[in-house]
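Structure at a glance
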Amino acid sequence: TSKYQDESENDFYLRLCEYEENCYEFLTKSKGYYKRIIPINSGFYHFSKIEMQIFIRNSIVPIVEKYEVDGFILTDFNMACMIHKMFPELELHTSCNCFQWNIKTMDCWREMAGITVFNPPREILRSPKQLKEMHDEGFILKCLVNESCLYGCPQTINHCMYLADKNPRFSTNCNRNNISNIFRSNWVIPRWLDKLDKYVDIYK
């Protein structure tokens, strides 16, 4: 049970403000010391094209200009294209929330949105055939080793959308009421890594 389960909406807002303040403080103090790649990786946004442009100008541009961040992790393709057009020097990554299983799709992200690092879906390290195919196409791959979702979870996309919508009431029953499914998650154990190293550039 989450310790935040019974908090009021006001408490949630105050905690969110404190979190945001801490992030900005870190960006200020870390400037020039570390590479800072910021996730903006909700699965969807309630924006029209014009609203997304306004969001980027009001929220993203000040972060780039004031804090001199090195790049972003993105899920929304249109947002990625807009940011890349405005700041072609920024390093852009995809999120595992993009669910990119198709080489053609990844080509579009690379050519049109300037993506340099790809984070394939959560199951990728347990899907070596697809992992090799992506690697052989020359994509730089960042892969999750600590993802506890059920391999092949039928509600993965739904969960990402609920989280993006900040819905606290969605079902997270990845185990599908079968306790043995905890051993069928996307976790990758250390002794497997030497089998995967030739395909993976970054482990996450």
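Going by the structure above, here's the rest.
What this report covers is the structure whose coordinates are included nearby. (Residues numbered from 1 in each chain as written. Predicted model: local features only at pLDDT ≥ 70, side-chain atom pairs only at ≥ 80, totals over all residues. Heavy atoms only, no water.)

In this section: the packing of helix H3 (residues 77-86) against helix H4 (residues 103-113). With their axes 9 Å apart at the nearest point, H3 and H4 run at an angle of 30 degrees to one another. Taken together, the axes of H3 and H4 are roughly parallel relative to one another. Counted together, Phe-77, Ala-80, Cys-81 and His-84 of H3 and Cys-108, Trp-109, Met-112 and Ala-113 of H4 form the full contact between these two elements. In the contact of H3 with H4, the residues fall into 7 nonpolar, 1 polar and no charged. (Axes fitted to C-alpha atoms, helices over the stretch in contact; angles between N-to-C directions. Helix = DSSP H or I, 4+ residues; strand = E, 2+ residues; numbered from the N terminus. Parallel < 35°, antiparallel > 145°, perpendicular 65-115°, else oblique. Contact = heavy atoms within 4.5 Å. Nonpolar A, V, L, I, M, F, W, Y, C, P; charged D, E, K, R; others polar.)

Next up on the list: the environment of Val-145. Mapped onto the secondary structure, Val-145 falls in the loop between strand E5 (142-143) and strand E6 (146-150). As for Val-145 and Ile-124, which are separated by 21 residues in sequence, their C-alpha atoms are 9.5 Å apart. Residues in contact with Val-145, not counting those within four places in the same chain, are Leu-125, Asn-186, Trp-187, Val-188, Leu-193, Tyr-203 and Lys-204.

A few words now on the nonpolar core. Within the largest apolar cluster, 41 residues are counted, with the highest numbers of intra-cluster contacts made by Phe-72, Ile-83, Leu-125 and Leu-131. Listed by contribution, the elements that provide at least two residues to this core are strand E1 (37-40), helix H2 (49-67), strand E2 (71-74), H3, H4 and helix H5 (128-136). Among the elements that take part in this core, H2 stands out by supplying 7 residues, more than any other. (Core = buried A, V, L, I, M, F, W, Y, C linked by side-chain atoms within 4.5 Å. Buried < 20%, exposed > 50% of the residue type's maximum accessible area, 1.4 Å probe, protein only.)

If you walk through the whole model with that rule in mind, you get 7 salt bridges. The residue Glu-91 makes a salt bridge to Lys-35 at a minimum N-O spacing of 3.0 Å. Taken together, the residues span a long stretch of sequence, with Glu-91 in strand E3 (residues 91-94) and Lys-35 in the loop between helix H1 (9-30) and E1 at a distance of 56 residues. Taking the relative accessible area as the measure of exposure, Lys-35 reaches 56% and is therefore exposed. For Asp-70, the salt bridge is made with Arg-36, and the minimal N-O distance between the two is 3.9 Å. With a gap of 34 residues between them, Asp-70 in the loop between H2 and E2 and Arg-36 in the loop between H1 and E1 connect regions that are remote in the sequence. In this structure Asp-70 comes out as partly exposed when scored by relative accessible area, which is 29%. The class for Arg-36 is buried, based on a relative accessible area of 4%. (Salt bridge = Lys/Arg side-chain N within 4 Å of Asp/Glu carboxyl O.)

What follows concerns the pairing of E1. In E1, alternate side chains face the same way, and those of Ile-38 and Ile-40 are buried while those of Ile-37 and Pro-39 on the opposite face are not. As judged from the 4 bridges shared by E1 and E2, these two strands associate in the parallel manner. Note that in E2 the partner of Ile-40 across the bridge is Leu-74. Between the parallel elements E1 and E2, the chain passes through H2 in a crossover that is right-handed. (Pairing = 2+ DSSP bridges. Right-handed = clockwise from strand over helix to strand, strands pointing away.)

A word on unusual backbone geometry. Outside of glycine, negative phi angles account for most residues, and trans bonds account for most peptide bonds. Despite not being glycine, Glu-68 shows a phi value in the positive range, around 50 degrees. Relative to the elements of secondary structure, Glu-68 occurs in the loop between H2 and E2. The exposure class assigned to Glu-68 is partly exposed, which follows from its relative accessible area of 48%.

Further remarks concern the sheet that holds strand E4 (residues 115-117). Judged by pairing direction, the sheet is parallel, and its 4 strands sit side by side in the order E1-E2-E3-E4 without closing on themselves. Among the strands making up the open sheet, the edge pair consists of E1 and E4. Geometrically, the sheet is characterised by an average inter-axis angle of 40 degrees between neighbouring strands, direction not taken into account. As judged from the 2 bridges shared by E3 and E4, these two strands associate in the parallel manner. The partner of Leu-92 across the bridge, within E4, is Ile-115. Relative to E2, H3 is tilted by about 165 degrees, and along the sheet it contacts E1, E2 and E3.

Here the focus is H1. With 22 residues, H1 ought to run about 32 Å at 1.5 Å a step, and its terminal C-alpha atoms sit 31 Å apart, in line with that. Of the residues trailing H1, Gly-32 is marked for its positive phi of about 90 degrees. (Expected span 1.5 Å × (residues − 1).)

Attention shifts here to the environment of Tyr-24. Looking at where Tyr-24 falls in the secondary structure, it is placed in helix H1. Tyr-24 gets classed as partly exposed once you look at its relative accessible area, which sits at 29%. With 39 residues separating them in the primary sequence, Tyr-24 and Ile-63 have C-alpha atoms 8.9 Å apart. Non-local contacts of Tyr-24, meaning those with residues more than four positions away in its chain, are made with Ile-63 and Tyr-67.

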